[in-house]
Amino acid sequence: MIKAVRGTRDLLPPETALWDFVEAEARYIFRAYNFHEIRTPIFEETQLFARSVGEETDIVSKEMFTWQDRGRAQSDQGQSLTLRPENTAGVVRAYIEHQLWKRGLNKLFYIGPQFRRERPQKGRYRQFYQIGAEALGPPSAGSESPTRDAEVIELLASLLERIGVAGWALELNSVGCAKDRPLFNEALRKALAPVVIKMCADCQRRAATNPLRVFDCKVPQDQPIIAQLPRISDFLDADCRVHFQQVEEILTAVGVPFTVNDRLVRGLDYYTRTAFEFTHTALGAQNAILGGGRYDGLSEALGGPSAPGIGFAIGEDRLVMSLSASADEVMPKPDVYVAPIGAGMDREAARLARELRRDALVVELGDETFRLKKSLSTASKLEAKFLLIVGEDEVKAEAFALKNLGTGEQVALARNELAKKIQSGT
Ligand code: HAM
């Protein structure tokens, strides 16, 4: 038997109803905040991720699904391509490629699959889904403003509230900017020099190439050393400090609770200033439900104009896991099961089903080879609210038997009375 590949999975009903539910609510919220949808390709040139997410990150150095494409000619090496491990890089590439700032398109959202070759476990997949958004634009449009940071974070709190996710916690930090980062890197290098020999091979490499990435280390023996390293909060320049303070003040004013965690650096290189994560207690080891932050230099790093931005990505798999609603509760049930009873009744039943669906009802159409008893039990299994009997007598009399499967009550109605009665639900 051929099975789904390790780390991938089929999403089946009724669970897909929960996915539909969160996506519909997310779209509603994005509309309220005037974000518009963008759909970027599932694969991109490898160097897009190397240059944005960063060569030294776990994502780029260990987790990407990369292959060498075939060129047109046989001798042609072809490009190196990668399944997108995240979507911020693709959005910024598209922003530059289509000069979206000229069209005033600077608040974009996306919903779709991402791919990382991580060790699969609960809440961690190789194909997973993100609901994300990016707000970026020219500095003249106010894209650097702390108002934008707070707005994006407040949007998330509103979305979680709307879909009924309780028990989340928001951690916030500032990771500084291009001006103060060299100072912090220098301090880190100095602090690491005498101890790095005791650390894992990855940290030894990171200490030389990109010391900030030492904070991504998960090796237990390295943690006491990491706990002693300098804190980024002590190296922020005056502008970054004020920016962060303003974000904190707005969030407090709008009533979004948070804690500052000055060890939060996030595992992607493009971040500047505000970085944040929402965690959820019910998720176990993989407790980050979403993450995001500011990336003021990313557009330039990809060859574009200055376009400071802030965004986030929700792990949709984890969001669905943290919902208190059950799949059964949100799974739509048929309003009516239309049961043709007897030979030749399928045509009449199909006509009625078509009419009722036009009236926005959810209709399951039965089969004329079923006897009444089988139609009844099928309708009950599907949890249909009503059973509509379409037999020869009913068609002749133009009076259809409609049975409420909850109460057992049965009435005879003309065809133009059916939809109203079913919509009433009683
Ligand atoms: P990230 O923290 O790498 O950020 O991913 C965001 C979220 O995606 C995580 O918090 C988690 O919920 C989910 N996630 C990541 N990897 C997996 C996995 N293997 N299985 C299941 N869920 C996963 C980014 O991707 C950034 N692009 C976010 C961003 C947007 N920053 C600015 N704009």
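Residues numbered from 1 in each chain as written. Predicted model: local features only at pLDDT ≥ 70, side-chain atom pairs only at ≥ 80, totals over all residues. Heavy atoms only, no water.

Chemist: What is the right way to look at the overall build of the chain in this model?
Modeler: Each helix and strand counted, the chain has 16 helices and 16 strands in total. The C-alpha radius of gyration computed for the chain amounts to 28 Å, which surpasses the reference 22 Å derived for 426 residues by more than 25%, pointing to a less compact arrangement than a globule. Along the three orthogonal principal directions, the C-alpha set of the chain runs to about 90 × 60 × 50 Å. As displayed, the chain offers around 20900 Å² of accessible surface, 52% of which is attributable to carbon and sulfur atoms. Within the chain, one finds 55 positive and 58 negative side-chain charges whose respective centroids are separated by 3 Å. (Helix = DSSP H or I, 4+ residues; strand = E, 2+ residues; numbered from the N terminus. Rg over C-alpha atoms; globule rule 2.2 N^0.38 Å. Areas by Shrake-Rupley, 256 points an atom, 1.4 Å probe, with all protein chains shown as cover. Lys, Arg positive; Asp, Glu negative; His and termini not counted. Charge placed at Lys NZ, Arg CZ, Asp CG, Glu CD.)

Chemist: Please clarify how empty space enclosed by the protein should be interpreted in this entry.
Modeler: Unoccupied space between atoms shows up once a probe the size of one water molecule is rolled over them. Tallied over the entire structure, the rule returns two cavities of 30 Å³ or more. Counted as a void, the largest cavity has a volume near 40 Å³. As for the largest cavity, its lining consists of Tyr33, Phe35, Lys107, Ala135, Arg148, Glu151, Val152 and Leu155. With four residues, helix α5 (residues 146-162) is the largest single contributor of residues to the lining of the largest cavity. A class-by-class count of the residues in the lining of the largest cavity yields five nonpolar, no polar and three charged. Volume-wise, the second largest cavity comes out at about 30 Å³. Here the lining of the second largest cavity is built from residues that sort into five nonpolar, no polar and three charged. (1 Å grid on protein atoms, 1.4 Å probe; cavity = no way out; pocket = protein on both sides within 12 Å on 5 of 7 lines; lining within 4 Å. Points joined across faces, edges and corners; volume = space filled by probe spheres on them. Nonpolar A, V, L, I, M, F, W, Y, C, P; charged D, E, K, R; others polar.)

Chemist: Got a minute to help me understand the sheet that holds strand β7 (residues 168-174) in this structure?
Modeler: Backbone hydrogen bonds are what pair the strands of a sheet, in a parallel or an antiparallel way. One open sheet holds the eight strands; their spatial order is β1-β5-β6-β11-β10-β9-β7-β8, and the pairing between them is mixed. Taken across any chain shown, the strands that pair with only one partner, and hence form the sheet edges, are β1 (36-37) and β8 (259-260). Bridge count between β7 and β8: two bridges; the pairing is parallel. Its bridge partner being in β8, leucine 172 is matched across the sheet by valine 260. Against the sheet, helix α4 (residues 88-97) makes contact with β5 (107-115) and β6 (127-136), and its axis sits at roughly 40° relative to β6, the strand it touches most. The sheet strands contacting α5 are β5, β6, β7, β9 (272-280), β10 (288-294) and β11 (309-315), and the helix crosses β9 at an angle near 10°. (Pairing = 2+ DSSP bridges. Contact = heavy atoms within 4.5 Å. Axes fitted to C-alpha atoms, helices over the stretch in contact; angles between N-to-C directions.)

Chemist: How should I be thinking about the packing of aromatic side chains in this particular structure?
Modeler: The geometry of an aromatic ring pair comes down to the distance between the two centres and the angle between the two planes. Counted under the stated rule, the structure contains 12 aromatic pairs. With 4.4 Å between their ring centres and 15° between their planes, phenylalanine 30 and phenylalanine 109 make a pair best called stacked. In this pair, phenylalanine 30 sits in helix α1 (residues 15-32) while phenylalanine 109 sits in strand β5, placing the two residues 79 residues apart along the sequence. Under the relative-accessibility criterion, phenylalanine 30 is labelled buried at 1%. Between the aromatic rings of tyrosine 95 and tryptophan 101, the centroid separation amounts to 5.2 Å while the plane-to-plane angle is 50°, which identifies the pairing as tilted. For tyrosine 95, a relative accessible area of 0% translates into the label buried. For tryptophan 101, a relative accessible area of 27% corresponds to the partly exposed category. Here the aromatic cluster, defined as three or more aromatic residues joined through ring pairs, consists of Phe30, Phe35, Phe109 and Phe312. A cation sits over an aromatic face here: arginine 9 above tyrosine 125, 4.0 Å from the ring centre. Lying over the aromatic face of tyrosine 28, arginine 162 brings its terminal NZ or CZ to 3.8 Å of the ring centre. (Phe/Tyr/Trp six-rings, centres within 6.5 Å; stacked < 30°, edge-to-face > 60°. Buried < 20%, exposed > 50% of the residue type's maximum accessible area, 1.4 Å probe, protein only. Lys NZ or Arg CZ within 6 Å of the ring centre and 35° of its normal.)

Chemist: What should I look at first to understand the domain arrangement of the chain in this one?
Modeler: Accessible area lost when the parts come together is the quantity often used to give the size of an interface. Its domain assignment divides the chain into domain 1 (15-180 + 236-322) and domain 2 (333-420). The C-alpha-based centres of domain 1 and domain 2 are spaced at 49 Å. (Domains from an automatic or database assignment.)

Chemist: I would appreciate a short explanation of the site of the ligand in the present structure.
Modeler: Around the ligand, the surrounding shell holds 27 residues, and the nearest of these are Glu86, Glu118, Tyr125, Tyr271 and Ala288. At a separation of 2.8 Å, a nitrogen atom of the ligand approaches a polar side-chain atom of glutamate 134. In this structure, glycine 315 approaches the ligand through a main-chain N or O atom, which is 3.4 Å from an oxygen atom. In the complex, the protein chains occlude 96% of the 660 Å² of accessible area that the ligand would expose alone. (Near = heavy atom within 4 Å. Polar contact = N/O pair within 3.5 Å; in protein donor to acceptor, adjacent residues only side chain to side chain.)

Chemist: Teacher, can you tell me more about the sheet that holds strand β14 (residues 386-391) here?
Modeler: Read across the sheet, five strands follow the order β13-β12-β14-β15-β16 without closing on themselves; strand pairing throughout is mixed. Edge strands, defined here as strands with exactly one partner in the open sheet, are β13 (363-365) and β16 (410-413). Across the sheet, the mean angle from the axis of one strand to that of its neighbour is 25°, orientation sign disregarded. Bridge count for strand β12 (residues 336-341) against β14 is six bridges, and the pairing is parallel. Residue pairing across strands places tyrosine 337 opposite leucine 387, the latter belonging to β14. The strands touched by helix α14 (residues 372-381) are β12, β14 and β15 (400-404); relative to β12, the strand with the most contacts, the crossing angle is about 165°.

Chemist: Whenever I open this one, the nonpolar core confuses me. Can you help?
Modeler: Across soluble globular proteins, nonpolar side chains have a tendency to be buried as a group. Of all hydrophobic cores here, the largest spans 46 residues; its most connected members are Met199 and Phe215. For this core, the element with the most residues is α4, which contributes six residues. Methionine 199 has contacts with Leu192, Gln204, Val214, Asp222, Ile225 and Ile226, leaving out every residue within four places of it along the chain. Counting residues in hydrophobic clusters, the runner-up holds 40 residues, among them Phe109, Ala157, Phe276 and Ile314. (Core = buried A, V, L, I, M, F, W, Y, C linked by side-chain atoms within 4.5 Å.)

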